[in-house]
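Architecture at a glance
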Amino acid sequence: MNPDEVFNNKYFRLNRTLLKQVSLWPYESTSTKVIKRIFIMVGFYSMSLPQMIRGIEEIRSDDPDPEIIIENLSGFIYFHGIISKLITQMVTENKLKYLYEEISKDWKTITDKNEKAVLEKSAAVGHQLTIFYTGFVVLSAIFFVSITAFVPVFLNYVLPGNQTYQKQICIYAEYFVDQEKYFYYIFTHTMVIGVMTVYVATAIDSVFVNCVQHVLGLFNIIKFANLIQSAYNECFFLLAGLIVAGLSAFTYVLSQNVSNPLNFMRIWFLWFGVIVYMFFVNLPGQKLLNISEELHLAIYDSSWHKFPIKTRFLIQIMMLRCLKPCRLTAGRLIEMNFASCSNILRTAFSYFTVVNSMNS
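Residues numbered from 1 in each chain as written. Predicted model: local features only at pLDDT ≥ 70, side-chain atom pairs only at ≥ 80, totals over all residues. Heavy atoms only, no water.

Focus on the overall build of the chain
Let me state the cut-off plainly: Secondary structure elements are taken from DSSP: a helix is a run of H or I of four residues or more, a strand is a run of E of two residues or more, and numbering for both begins at the N terminus. For every residue, the accessible area (1.4 Å probe, protein chains only) is compared with the maximum for its type, and the residue is labelled buried under 20%, exposed over 50%, or partly exposed between those bounds. Only the protein chains shown count as covering a residue, and every accessible area follows the Shrake-Rupley method with a 1.4 Å probe.
Helix and strand counts for the chain come out as ten helices and two strands. Evaluated residue by residue, the chain yields a buried proportion of 48% over its 360 residues. Total accessible area on the chain is roughly 18,200 Å²; 65% of this is exposed by carbon and sulfur atoms.

Following this line, the structure appears as structure tokens:
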């Protein structure tokens, strides 16, 4: 079954479009996916390598700047976090195809008016979250890339005087050219690749949220599903460690730029973006945990004793199954919910505190 028909409805159309744009829609032709994936990988490394070279140069310099080193290390973590998401999606493509086909099958086989309304209500929440998250991360990427380029130009225009504000690209990178002379070429490159990275992240994360919203809808129709767990398990496990390291680094760089408003705002968009990302990907797991616990109570509070014996036996099996709530995990070690989100954030900030105390 090709899910194109179902995924072209108003609830999933944006997800399908994002997946197609970043070569992760499984039903595209193989040649198209290969060409797009090569273009994306080359694009990522065309921005990551100059940043990495600049970081190595700084480490080898006589007076290395720890801010540049840590920020470029953060950039390395960020790019390879996105690349790891992309690769794990490619590796698990068959699982994802099966997942999309099962979702399509549910939408086509559930014909009861009330049950259909439950699915649509849950899918509408996922669609709204996708719009919000996509808008937020794209705008954040644009602000991050452009703030050090256009704010100095604006300040030079409105505050003419002896001081000249120097425009800069958004990252410390070595392009082996005169960056002042070729500034707008480099700026365009960083804008395109920067937005491309968040497009990949958004495509993967938003379809994950919509799939979980579908399961929440099925829960309300009394149905269970574990397929999403196996499809996204490896992807989020790889990211958990990278998020701890990246958030610690971003927090450190942020604290070092309190007196530099432009750099502070530039890094703040990244720092706050990671916080929003953590909330976004853990929200579905928390909602799934909540609704699975609520299902047990709803079954218990029903008039189960009035049903026939066979029905009561089936209800008892459901209640026993509900004693173990459904959970989403990253690598089967880290539960994806708000408690784990809070623990990861605390761990990241504690690493920052240790590094900061060592440098003070």
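Having put the structure on the table, let's press on.
Considering the UniProt feature "transmembrane region" (unreviewed entry) in the chain
Keep this limit in mind: UniProt positions are given in the numbering used here, feature names are shortened, and annotations may be inferred rather than shown by experiment.
Per the UniProt annotation, the sites labelled "transmembrane region" (unreviewed entry) are residues 131-159, 182-201, 235-255 and 267-285. Structurally, residues 182-201 is divided into 95% helix and 0% strand, and its ends, taken at the C-alpha atoms, are 29 Å apart. In residues 267-285, the share of helix is 100% and the share of strand is 0%. The end C-alpha atoms are 28 Å apart.

Overview of the pattern of salt bridges
To be explicit about the condition: Any Lys or Arg side-chain nitrogen located within 4 Å of an Asp or Glu carboxyl oxygen qualifies as a salt bridge.
By the definition in use, this model includes eight salt bridges. When the shortest N-O distance is used, the salt bridge between R37 and E93 registers 3.0 Å. Taken together, the residues span a long stretch of sequence, with R37 in helix α2 (residues 30-60) and E93 in helix α4 (residues 93-109) at a distance of 56 residues. For R37, a relative accessible area of 16% gives the class buried. With relative accessibility at 16%, the residue E93 sits in the buried group.

Section: the side chain of D106
Put simply, the test is: Two N or O atoms form a polar contact when they lie within 3.5 Å of each other; inside protein one atom must be a possible hydrogen donor and the other a possible acceptor, and for residues adjacent in sequence the pair counts only when both atoms belong to side chains.
Its location among the elements puts D106 in helix α4. A relative accessible area of 8% means that D106 is categorised as buried. Within the local environment of D106, its side chain forms a polar contact with the side chain of H214, the two groups lying 2.9 Å apart.

Thoughts on α2
Every α-helix winds through 3.6 residues per turn, so residues three or four apart in the chain are directed the same way. Selection rule: By this rule, a helix spans an expected 1.5 Å times one less than how many residues it contains. By the convention used here, residues are in contact when the closest approach between their heavy atoms is within 4.5 Å.
Compared with an ideal rise of 1.5 Å per residue, which puts 31 residues at 45 Å, α2 spans 44 Å between its outermost C-alpha atoms and is within 8% of the ideal. When α2 is considered as a whole, its buried residues turn out to be K33, R37, I40, G43, F44, M47, S48, P50, Q51, G55 and E58. On its buried side, α2 packs onto α3 (66-91), α4 and α6 (183-219).

Re the packing of α4 against α6
The line we're drawing: Axis geometry follows a simple rule: fit a line to the C-alpha atoms, using only the stretch in contact for helices, then measure angles between N-to-C directions, giving values from 0 to 180 degrees. For classification, angles of less than 35 degrees are called roughly parallel, those exceeding 145 degrees roughly antiparallel, those between 65 and 115 degrees roughly perpendicular, and all remaining angles oblique. Crossings are sorted by hand: turned counterclockwise from the far helix by less than a right angle, the near helix makes the crossing left-handed, and turned clockwise it makes it right-handed. In the scheme used here, Gly and all other residues not listed as nonpolar or charged are polar, with Ala, Val, Leu, Ile, Met, Phe, Trp, Tyr, Cys and Pro taken as nonpolar and Asp, Glu, Lys and Arg as charged.
Interaxial distance between α4 and α6 falls to 11 Å at its minimum, and their mutual angle equals 40°. The orientation of α4 relative to α6 falls into the category oblique. α4 and α6 meet at a crossing whose hand is left-handed. Where α4 abuts α6, its residues L99, Y100, I103, D106 and W107 lie against V207, C211, H214 and L218. The class makeup of the residues in the contact of α4 with α6 is seven nonpolar, one polar and one charged.

Describing helix α1 (residues 13-21)
Under the convention used in this document: Note: the arc covers the axis-to-C-beta directions of the helix.
Here α1 has its buried residues at N15, R16, L18 and L19. The arc that holds the buried residues of α1, viewed along the axis, is 160°, so those residues lie on one side. Looking at the buried positions of α1, the neighbouring elements they touch are α4, α5 (113-158) and α6. Positioned one or two residues after α1, S23 has a phi angle of 65°, which is positive.

Some remarks on unusual backbone geometry
Despite not being glycine, S23 shows a phi value in the positive range, around 65°. Take S23: it is sitting in the loop between α1 and α2. Given the relative accessible area of 0%, S23 is considered buried. We note that F176 has phi near 60°; this positive angle belongs to a residue other than glycine. Tracing the backbone shows F176 in the loop between α5 and α6.

Things to note about the confidence of the model for the chain
Where we set the bar: As a per-residue measure, pLDDT tells how confident the predictor is, with possible values from 0 to 100.
Here the chain shows a mean pLDDT of 82. Residues at 70 or above account for 82%. Per-residue pLDDT, averaged within each element of the chain, yields its smallest value for helix α9 (residues 309-322) (64) and its largest for α2 (94).

Thoughts on the side chain of T197
Summarising the element assignment, T197 is placed in helix α6. You can call T197 buried: its relative accessible area is 1%. Within the local environment of T197, its side chain forms a polar contact with the side chain of Y78, the two groups lying 2.6 Å apart. Beyond its immediate chain neighbours, meaning those up to four positions away, T197 contacts F44, Y78, F79 and I82.

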